[in-house]
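Structure assessment
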Amino acid sequence: MTLELHLRIAGALLIVLALIHIGFPRRFHWAEELPRLSLFNRQMFVVHCFFIAFGVGLMGALALFCAGALLTPSPLARAVLAGLTLFWAVRLIVQHLVYDARLWRGHRFNTAVHVLFTCFWCYLVLVFGWA
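Residues numbered from 1 in each chain as written. Predicted model: local features only at pLDDT ≥ 70, side-chain atom pairs only at ≥ 80, totals over all residues. Heavy atoms only, no water.

Estimates place the volume of the largest pocket at around 1300 Å³. As for the largest pocket, its lining consists of 30 residues, of which Phe24, Phe28, Arg91, Tyr99 and Phe117 are closest to the centre. Examining the composition of the lining of the largest pocket, we find that 8 residues originate from one element, helix 7 (residues 108–130), more than from any other. When its residues are assigned to classes, the lining of the largest pocket shows 22 nonpolar, 5 polar and 3 charged. Computed from the structure, the second largest pocket encloses a volume of approximately 220 Å³. Lining the second largest pocket are 13 residues, with Ala18, His21, Ile22, Phe50 and Ala53 positioned closest to its centre. Among the elements of the structure, helix 1 (3–20) and helix 4 (39–65) are those that each provide at least two residues to the lining of the second largest pocket. Of the residues assigned to the lining of the second largest pocket, the class counts are 11 nonpolar, 2 polar and no charged. (1 Å grid on protein atoms, 1.4 Å probe; cavity = no way out; pocket = protein on both sides within 12 Å on 5 of 7 lines; lining within 4 Å. Points joined across faces, edges and corners; volume = space filled by probe spheres on them. Helix = DSSP H or I, 4+ residues; strand = E, 2+ residues; numbered from the N terminus. Nonpolar A, V, L, I, M, F, W, Y, C, P; charged D, E, K, R; others polar.)

It is worth spelling out the packing of aromatic side chains at this point. Taken as a whole and judged by the stated rule, the model has 11 aromatic pairs. Here phenylalanine 87 and tryptophan 88 contribute two aromatic rings whose centre-to-centre distance is 4.8 Å and whose plane-to-plane angle is 75°, an arrangement assigned as edge-to-face. Accessibility expressed as a relative area gives 41% for phenylalanine 87, which makes it partly exposed. Where phenylalanine 117 meets phenylalanine 120, the ring centres are 6.3 Å apart and the plane angle is 65°; that geometry is what we call edge-to-face. Here phenylalanine 117 and its partner phenylalanine 120 are both found in helix 7, 3 residues apart, which amounts to about one turn of the helix. On the basis of relative accessible area, phenylalanine 120 is assigned to the buried category, the value being 13%. In this structure an aromatic cluster arises from ring pairing among Phe87, Trp88, Phe117, Phe120 and Trp121. (Phe/Tyr/Trp six-rings, centres within 6.5 Å; stacked < 30°, edge-to-face > 60°. Buried < 20%, exposed > 50% of the residue type's maximum accessible area, 1.4 Å probe, protein only.)

This is the structure in structure tokens:
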């Protein structure tokens, strides 16, 4: 498998991750949880969640459709790849330092998701870092 193929796979997976955000409100019971927040905090939460998904989708589109350009040696390609590597490396660290282990330990589904996303963040760091 070539590095370009790995970039395209990473891009496709990021687009899937962005689309998965559509199901977050139902999965995480936002209809019951969010009304407890003030109107400002509720709207800020929703807007930030949208833009996180949008940004992840754009990262995915970049990797999927512009893999060749990202692999063409240039200062811009290096800067973009360095930024993507740093972004996902920080996300990997956050996975283990911010989320309390009580959220997933002892819960089969949550543990599986925790492990799956740890592997996914590692894959993204390796692919973007390698590129």
